[in-house]
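In case you want the letters, here they are:
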Amino acid sequence: AQSVSQHNHHVILSEAASLELGCNYSYGGTVNLFWYVQYPGQHLQLLLKYFSGDPLVKGIKGFEAEFIKSKFSFNLRKPSVQWSDTAEYFCAVTENTGGFKTIFGAGTRLFVKA
Amino acid sequence: DGGITQSPKYLFRKEGQNVTLSCEQNLNHDAMYWYRQDPGQGLRLIYYSQIVNDFQKGDIAEGYSVSREKKESFPLTVTSAQKNPTAFYLCASRPGGVGELFFGEGSRLTVL
């Protein structure tokens with residue numbers, strides 16, 4: 001069965017520190033990959049997505065992610081975090097077949113200290 | 001404005017009662033999804049639908065039911081068979097098979 005694993009459930013960083021959040025998925029077929037962010041009291045919104053092509057994708061607010069097919073990974077990075085990046089981050093995978101089932105990881109709560 | 005409307009935002013029910021959560025979208029999206037969000041467990045897929053009159057079970061469908069009679073509507077019923085129904089429920093939609101999901105504001109159900 002398809003699954004998505006996010007390795008860090010809680011991360012605390014100081015402003016200007018670098019961020020890397022891990023995401024691994026298990027599914028042998030073609031997938032589309034996403035990172036969503038949920039700021040306190042707000043909707044889930046898309047941070048970035050990968051469908052095909054360049055495995056390094058850039059999203060909003062300086063975030064980027066790298067798809068490594070051989071490792072079934074799609075890690076999220078940001079060189080220098082800000083206090084406003086405090087949020088919960090979710091990795092998601094869509095099977096590129098049939099019903100286009102989309103499942104999410106358990107999420108990572110990021111707290112950035114000012 | 002185009003978007004996804006979930007109602008009610010807050011709902012309290014007694015144990016043993018069925019409740020129906022509404023999800024309406026005016027984005028003309030084909031696909032709609034229901035997720036349950038619990039602390040530390042992320043979003044878990046309950047049901048999803050790609051077209052009218054067709055839907056598939058997600059990973060935690062037991063105790064839930066849905067219908068898709070209209071493109072814009074995908075109501076979720078939490079039945080009395082759901083053993084732990086207290087949760088935050090999110091509805092989402094997307095234009096076609098792939099692409100980003102657009103989320104509603106969610107419905108928080110508390111069973112007393």
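To be clear, the structure that these remarks concern was listed above.
In this report, the structure presented in the accompanying data block is examined. (Residues numbered from 1 in each chain as written. Chains lettered and ligands numbered in written order. Predicted model: local features only at pLDDT ≥ 70, side-chain atom pairs only at ≥ 80, totals over all residues. Heavy atoms only, no water.)

**Topic: the pairing of strand β1 (residues 3-6) of chain A**
Residues and elements named next belong to chain A.
Thinking step 1. Side chains of β1 alternate between two faces, with Val4 and Gln6 buried and Ser3 and Ser5 left unburied.
Thinking step 2. The sheet contact formed by β1 and strand β4 (residues 23-26) spans four bridges and is antiparallel. Directly across from serine 3, in β4, lies its bridge partner serine 26. (Buried < 20%, exposed > 50% of the residue type's maximum accessible area, 1.4 Å probe, protein only. Helix = DSSP H or I, 4+ residues; strand = E, 2+ residues; numbered from the N terminus. Pairing = 2+ DSSP bridges.)

**Structural notes on the state of the cysteines**
Thinking step 1. Tallying each qualifying case throughout the model produces two disulfides over all chains.
Thinking step 2. The partner cysteine of A:Cys23 in its disulfide is A:Cys91, sulfur to sulfur 1.9 Å. Every disulfide takes its handedness from the sign of the S-S torsion; for A:Cys23 and A:Cys91 that torsion is -70°, giving left-handed. Within this pair, whereas A:Cys23 is found in strand β4, its partner A:Cys91 is found in strand β10 (residues 87-95), the two being separated by 68 residues in sequence.
Thinking step 3. Given a relative accessible area of 0%, A:Cys23 falls into the buried group.
Thinking step 4. Here B:Cys23 is linked by a disulfide to B:Cys91, with a sulfur-sulfur distance of 1.9 Å. Looking along the S-S bond of the B:Cys23-B:Cys91 disulfide, the torsion reads about -75°, which is the left-handed sense. On the criterion of sequence distance, the pair formed by B:Cys23 in strand β3 (residues 19-25) and B:Cys91 in strand β9 (residues 87-94) is long-range, its members being 68 residues apart. (Disulfide = S-S within 2.5 Å.)

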